[in-house]
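What follows is each chain in one-letter form.
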Amino acid sequence: MLTRARKRLVAAVGAMAALGGLTMAVAPEAHAAGQTEYVYSASMHKNIPVRIVDSGGGGPKPTLYLLDGLRAPNNTSGWLQNNTGADRFMAGKGTNLVIPFGGGGSFYTDWERPDPKLGVNKWETFLTRELPAYMKKNHNSDNRRNGIAGLSMSGTSALNLASRHPGFYKAVASYSGYPTVTFPGFTQGIQASVATMGGDPNNMWGFYPAGQWFQNDPFLSANNLAGDYVYLSSGTGLGSKFDSSINPTSANFNPVKFSQMVPLEVAASVSTRLYIPRVAAVPGVKLTTHVTPDGDHWWDYWQENFRQSWNTTFRPAFF
């Protein structure tokens, strides 16, 4: 399998470069649960809007952080815009759900330098220190039972953050992520994605192969997930049970939509399949994988994967 996957890396180069070109249509938020609060980030010198679904109750609670994708807007989240129902699904689950807004093109990491377009990015500091401190003070999070999840760009980020902070997260999930950051094709795809959002990728982790690229590759730091719960999902890009317009044999085939959504999932499938045996070999990891024979790069699948990961990964890790 590894050999076959490597043969597909050439295709992944183009697919990852397309990551920045994906235009996501969104819908208005519908009956959103929780409330939006503004959390000051001293590291980024600004308030960050965060949708928080407080589980209520009197005792200390676990917290699940849910990250957005490449084009994350500053005033909402794709998890809310695309009617995934993640916020409503988590209501009453005994767990605080935290959805930060913004971070588009940032890979939710601490950048080496401020960027002329994307500004000061210290998302790792915000997500692992500043926001958890706020949640403990204001929403009774115990800061012991933490989980993190993301899709596409932030699937990579979730695995990276969990690997870089061993023991802080008990569970992590990646939906269609790219956890092979320094593999040929994927490095270039990440650089292209940041550039498409107007940022200079050299300001993020430095000039590849120098800088912090290898320190931010989840594949290389997978051993730090020892004892954690891990959920990995992707499709193959070969058709969708939700959308026939990306099927070339369908009467309503949409070639533009196909070019936007299918190559991205092909690349995510290659990266995830490469990563699975790596993390499966880590002692004590409780691994759940959901790599389907169909699947495109879209919210229908991520909504389904999120709910599955709650049942297989986050709930067992928290309770």
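What you see is a predicted model; the values in this text were computed from it and never measured.

About the cut-offs
- Residues numbered from 1 in each chain as written.
- Predicted model: local features only at pLDDT ≥ 70, side-chain atom pairs only at ≥ 80, totals over all residues.
- Heavy atoms only, no water.
- Core = buried A, V, L, I, M, F, W, Y, C linked by side-chain atoms within 4.5 Å.
- Buried < 20%, exposed > 50% of the residue type's maximum accessible area, 1.4 Å probe, protein only.
- Helix = DSSP H or I, 4+ residues; strand = E, 2+ residues; numbered from the N terminus.
- Contact = heavy atoms within 4.5 Å.
- Pairing = 2+ DSSP bridges.
- Axes fitted to C-alpha atoms, helices over the stretch in contact; angles between N-to-C directions.
- Salt bridge = Lys/Arg side-chain N within 4 Å of Asp/Glu carboxyl O.
- Patch = residues over 30% accessible without salt bridge, like charges linked within 9 Å, V, L, I, M, F, W, Y side chains within 5 Å.
- Areas by Shrake-Rupley, 256 points an atom, 1.4 Å probe, with all protein chains shown as cover.

In this structure, Val50, Phe126, Leu131, Ile148, Met204 and Tyr275 are the most contacted members of the largest nonpolar core, which totals 54 residues. For this core, the secondary-structure elements that each account for two or more residues are strand S2 (46-53), helix H5 (123-139), helix H6 (153-164), strand S6 (169-175), helix H7 (186-196), helix H8 (202-205), strand S7 (229-234) and helix H9 (255-280). At eight residues, the largest contribution of residues to this core is made by H9. Those residues within four positions of Val50 in sequence are excluded, and the remaining contacts are Gln35, Thr36, Glu37, Val39, Val98, Ile99, Pro100, Phe126 and Leu131. Core analysis: the next-biggest nonpolar cluster, separate from the first, contains 30 residues, Ala86, Leu151, Phe306 and Phe314 among them.

This next bit is on the sheet that holds S6. The eight strands are arranged S1-S2-S4-S3-S5-S6-S7-S8 in an open sheet whose pairing can be described as mixed. What marks the edges here is a single partner per strand, and that holds for strand S1 (35-41) and strand S8 (286-291). Sheet twist, expressed as the mean angle between neighbouring strand axes with direction ignored, is 20 degrees. As paired strands, strand S5 (residues 141-151) and S6 are joined by six bridges and run parallel to one another.

So, on to the pattern of salt bridges. Inspection of the entire model under this criterion finds seven salt bridges. The partner of Asp142 in a salt bridge is Arg144, and the shortest N-O contact between them spans 3.9 Å. The shortest N-O distance in the salt bridge between Lys241 and Glu304 comes to 3.2 Å. In this pair, Lys241 is assigned in the loop between S7 and H9 and Glu304 in helix H10 (residues 299-318), connecting sequence segments 63 residues apart. Lys241 gets classed as exposed once you look at its relative accessible area, which sits at 54%. Glu304 sits in the partly exposed class, given a relative accessible area of 31%. Taken together, the shared-partner salt bridges in this structure form one network comprising Asp142, Arg144 and Arg145.

Residues Tyr208, Phe214 and Leu220 make up a contiguous nonpolar surface patch of roughly 260 Å² in combined accessible area. Within the element layout of this structure, Phe214 appears in the loop between H8 and S7.

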